[in-house]
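Survey of secondary and tertiary structure
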Amino acid sequence: MTRVPDEALVLVPGGTLITETPEEGRALAIAIARNTVHTLQPELEVLQAGRPQYAGDAAKLIAAVQVVSLEFQTIAAANHYWR
């Protein structure tokens, strides 16, 4: 099995939740969500095999969006909602 490289298993990319803009905050939220999935399941073949199961399932895609939204909420609070 091919594993996600260890350097890609960083839970908080850049080591901070502070971003200059909400757009950067949203990108960070997506990166954190992806990195969390990679940390929980580092085998690339397993990740790729599961993709068809959720890619066409609206409920599973909405669940993924909810995870990103929760991460973004945390980042927004850390940034004082970009003043």
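The paragraphs below set out a description of the structure included in this document. The structure presented is a predicted model; accordingly, all values stated were derived computationally and were not measured. (Residues numbered from 1 in each chain as written. Predicted model: local features only at pLDDT ≥ 70, side-chain atom pairs only at ≥ 80, totals over all residues. Heavy atoms only, no water.)

Thoughts on unusual backbone geometry
A positive phi angle, close to 50°, is found at H80, a residue other than glycine. Secondary-structure assignment places H80 in the segment after α3 (58–78). Overall, the relative accessible area of 59% leaves H80 in the exposed class. (Helix = DSSP H or I, 4+ residues; strand = E, 2+ residues; numbered from the N terminus. Buried < 20%, exposed > 50% of the residue type's maximum accessible area, 1.4 Å probe, protein only.)

Thoughts on the packing of aromatic side chains
If you walk through the whole model with that rule in mind, you get one aromatic pair. Measuring from ring centre to ring centre gives 5.7 Å for F72 and W82, while their planes differ by 20°; the resulting arrangement is stacked. With F72 in helix α3 and W82 in the segment after α3, this pair connects stretches of sequence that are ten residues apart. Classification of W82 as buried rests on a relative accessible area of 17%. A cation over an aromatic ring shows up here: R26 above the ring of F72, its NZ or CZ 5.6 Å from the ring centre. (Phe/Tyr/Trp six-rings, centres within 6.5 Å; stacked < 30°, edge-to-face > 60°. Lys NZ or Arg CZ within 6 Å of the ring centre and 35° of its normal.)

Some words on the environment of L28
Tracing the sequence through the fold places L28 in helix α1 (residues 22–40). Those residues within four positions of L28 in sequence are excluded, and the remaining contacts are P13, T16, L17, T19 and I75. (Contact = heavy atoms within 4.5 Å.)

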